[in-house]
Amino acid sequence: MRIEGLEKRIGTAAILYSLDLTVEDGEFFVLVGPSGCGKSTLLHLLAGLDRPTSGRILFDGRDITDLDPRERDVALVFQTYALYPHMTVRDNLSFPLRVQKKTSRLDRAMIEDEVRRMAGVLGLDTLLDRRPQELSGGQRQRVALGRALIRKPRLFLLDEPLSNLDAQLRAAMRAELRRLHEKFKVTTVYVTHDQSEALTMGDRLGVLHGGALRQVGNPREVYDRPADVFVAGFVGYPPMNLFDARMEEGTITAGPLRFPLPTETSTIAPGRMVTVGVRPEDIAVGPATEEKTGRAVQGIVRLVEPAWPIAWVTVELSDSDKAVTIVGVTIPGYLPKIGEAVVVETGREALHLFDPVTGRRYGFPS
Amino acid sequence: MNRELACRDHWAGWNVAAAGRNVCLLVVVAMFCLGPLGWQILASVKPDEELVRLPPLVPTRLTAAHYERVLFHSSLVQALINSAVVATGTTVLALMLGSCCAFALARLPIRGRPMILGAILMASMFPPIAIISPLYLTMREMGLRDSLIALGLAHTVHALPLTIWLLTVAFRQLPRELYHAARVDGCTPLKALLTVVLPPARPGLAVAGLLTFIHSWNEFMFALTLTASDTARTAPVAIALFPGLHDIPWGDLAAASIIVTLPVAGLAAFFSRHLIGGLTAGSVKG
């Protein structure tokens, strides 16, 4: 599936800017972004529920931009499931098949077979005669998945399918979705606002913000080398520490923090400001009594978020002219109290440097 | 035990004076609403000689003579059949046209939607008396005068604005995703409307249909103007023509009124189950 220069405007407001994206056959592609970034609009365009202002959508080289939804062979699972309330689970599952075909007796037997098979895969065998309102959230979710998968679509779209489930069920359904994908190998575009879902589920992911794709890559790339400040702050939990610093001879300085220069910064002139990003897990927080190494800085604990066996600690570092607040991770077995003095340490390989004006990563091919 | 406690708490909050006041109020309202109906019922079973006398309020003996007369010796039965045909036809036609129209207004991308809805509302405020003579002339030109078709068409046109409004609201209350899901699953817009949008909108359809039916069943002015003979006359007109030159058959009028009221009351009772919503529960997270 390929998207070329896709744009959507409503009135004068642009919802999506010239979007280019290729999703490989059989790939599980995750589209992630905060609310209002245009994710659902993009899905609607792909499903044919809406028309783009300009640009093209291609499936296997065929232009389908102006095709009606039913001619596209696309399935869509909604955040609210959108099960048909007046039909049983069986009828919900068979609906796409019944709509497609002029139902003859032979077909009906085949449809029943398909329904049974799909119900077996999703564990809905015993629920076929229930109505949607008699099902739990997870069961409704599975019916919605079954209804979408039963006609073996060429493109499978999921619009935040897990956001209405509780945490336990969500974890189970994540695994279930991956399993279904392995089984059916349908090209999938999965939309979510949850960056952890994006990182754990996708073969590749695209970060959408303000109607534009900020970065496309596999989870590892996006996590290790975020393309800009937005992606850096959005992907990963707790969010990356981002603060302004000054380039100096041999070091980068932000208040009391001093980092040795990473290698890719050779092009940045000394004296310039940069935006520095450090992941919390790259900042080790230890007790202040420990012997100080060269890079360690002392600070005061402002907030502690235990996530056993470690804890996320917000530390305020200050010197005479400037204070910096950063989040770090405790060394194992250490749980500081609020107000306690701690020592913070980080390595040079952990630094991400961004242009403070454009927000782009230094040394990132644009 | 808990239940007893709950009951006692309930009764403890019961203020006798307030309760008395409420009961009095309810009785007054009930008298106001049901009084005329009760009067009609009494009048329909009173012997002729007691009809124009008071006392007795309650008849000294019951008679079925009025019912017998209106059912077997008048044109009322034919008029009732006419009424049923016209009202049913009107309801079906109005629901069919109305749901297509309302669905388009509720879900399809249409320019000037608020203006269209405003125009529909304005049309429904138009007093019928203002259009009755052009309507009469039009029907006569088309050769439809004194026919059930003319009456059905007139009633449909008159009922459509309200139907469209009611159904637009009903469709809007359904989650948009239902329609989208049906479209993605392979339906044309019309098929999506028929298979996925209309069934969960049944309460709204029932309300709109019932109101249309009652309106058509009771309508008098169009029916009086557009019909001229027993073959096309509806029940309200037929009853209105009961009084002769010298006497007014109060008993027959009362009996006929009761008979005409019964089907509508029955329908309302039957559909009251559907009038309560809740069918959409469960289609989305509830």
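Residues numbered from 1 in each chain as written. Chains lettered and ligands numbered in written order. Predicted model: local features only at pLDDT ≥ 70, side-chain atom pairs only at ≥ 80, totals over all residues. Heavy atoms only, no water.

**Observations concerning the environment of B:Arg107**
Residues and elements named next belong to chain B. To keep things clear, this is the line we draw: Only DSSP runs of H or I covering at least 4 residues are called helices, and only runs of E covering at least 2 are called strands; the numbering of each starts at the N terminus. Burial classes: relative accessible area under 20% of the type maximum marks a residue as buried, over 50% as exposed, and values in between as partly exposed (1.4 Å probe, protein chains only). In this analysis, two residues are considered to be in contact whenever any of their non-hydrogen atoms come within 4.5 Å of each other.
Assignment of secondary structure puts Arg107 in helix H5 (residues 76-107). Among the residues examined, Arg107 registers a relative accessible area of 13% and is labelled buried. Here the alpha-carbon distance between Arg107 and Tyr179, two residues 72 residues apart in the chain, equals 8.4 Å. Ignoring anything within four residues of it in the chain, the contact list for Arg107 reads Arg113, Phe171, Arg172, Leu174, Pro175 and Arg176.

**Describing empty space enclosed by the protein**
Rules: Buried and open spaces are told apart on a 1 Å grid over the protein atoms alone, a cavity being a set of points where a 1.4 Å probe fits but cannot get out and a pocket being an open set with protein on both sides within 12 Å along at least five of seven lines. Residues with an atom within 4 Å of a point are the lining residues. Grid points are joined across faces, edges and corners, and a volume is the space filled by probe spheres set on the points. Residues are sorted three ways: Asp, Glu, Lys and Arg are charged, Ala, Val, Leu, Ile, Met, Phe, Trp, Tyr, Cys and Pro are nonpolar, and all the rest, Gly among them, are polar.
The full count for this structure, using the stated rule, is three cavities of 30 Å³ or more. As a volume, the largest cavity reaches approximately 70 Å³. Lining the largest cavity are A:Phe28, A:Leu149, A:Phe156, A:Leu158, A:Leu177, A:Leu180, A:His181, A:Phe184, A:Val186 and A:Thr188. For the lining of the largest cavity, the element with the most residues is helix H5 (residues 167-184) of chain A, which contributes four residues. Of the residues contributing to the lining of the largest cavity, the split by class is eight nonpolar, two polar and no charged. Taken as a whole, the second largest cavity holds about 50 Å³ of empty space. Mapped onto the lining of the second largest cavity, the elements with two or more residues apiece are H5 and helix H9 (176-184) of chain B. Looking at the lining of the second largest cavity element by element, the count peaks at three residues for H9(B). Classifying every residue of the lining of the second largest cavity gives seven nonpolar, no polar and two charged.

**Quick look at the sheet that holds strand E15 (residues 283-287) of chain A**
The pairing of strands in a sheet comes from backbone hydrogen bonds and takes either a parallel or an antiparallel form. Residues and elements named next belong to chain A. Condition: Here, any two strands with at least 2 DSSP bridges between them count as paired. Between the N-to-C directions of two axes lies an angle of 0 to 180 degrees, each axis being a line fitted to C-alpha atoms and, for a helix, fitted only over the stretch in contact.
Spatially, the five strands close up into a barrel ordered E15-E18-E17-E16-E19, and their pairing is mixed. For this sheet the average axis-to-axis angle between neighbouring strands, irrespective of direction, equals 50°. Two strands pair when backbone bridges link them, and strand E17 (residues 310-318) and strand E18 (residues 323-330) are joined in this way by seven bridges, in the antiparallel orientation. Across the sheet, the residue bridging to Glu316 is Thr325, located in E18.

**Examining the packing of aromatic side chains**
The condition that has to hold: Two aromatic rings, drawn from Phe, Tyr or Trp (for Trp, its six-membered ring), form a pair once their centres lie within 6.5 Å of each other, and the interplanar angle then sorts them: stacked below 30 degrees, edge-to-face above 60, tilted otherwise. Cation placement over rings: the criterion is NZ of Lys or CZ of Arg within 6 Å of the ring centroid and within 35° of the ring normal.
In this structure the tally under the stated criterion is seven aromatic pairs over all chains. Here A:Phe230 and A:Phe234 contribute two aromatic rings whose centre-to-centre distance is 5.3 Å and whose plane-to-plane angle is 15°, an arrangement assigned as stacked. Remark: A:Phe234 and A:Phe230 occur in helix H8 (residues 229-234); sequence separation between them is four residues, near one turn of the helix. Given the relative accessible area of 16%, A:Phe234 is considered buried. Here A:Phe243 and A:Phe259 contribute two aromatic rings whose centre-to-centre distance is 6.4 Å and whose plane-to-plane angle is 20°, an arrangement assigned as stacked. A residue pair is termed long-range when its members are at least 10 positions apart, and A:Phe243 in strand E11 (residues 241-248) and A:Phe259 in strand E13 (residues 257-260) qualify at 16 residues. Comparing A:Phe243 with A:Phe259, the two get one shared label, buried. The rings of B:Phe103, B:Phe171 and B:Tyr179 are connected pair by pair, giving a single aromatic cluster. Its guanidinium or amino end placed over the ring of A:Tyr223, A:Arg279 lies 3.9 Å from that ring's centre, counting from NZ or CZ. Positioned over the ring face of B:Trp39 is B:Lys46, at 5.6 Å from the centre of the ring.

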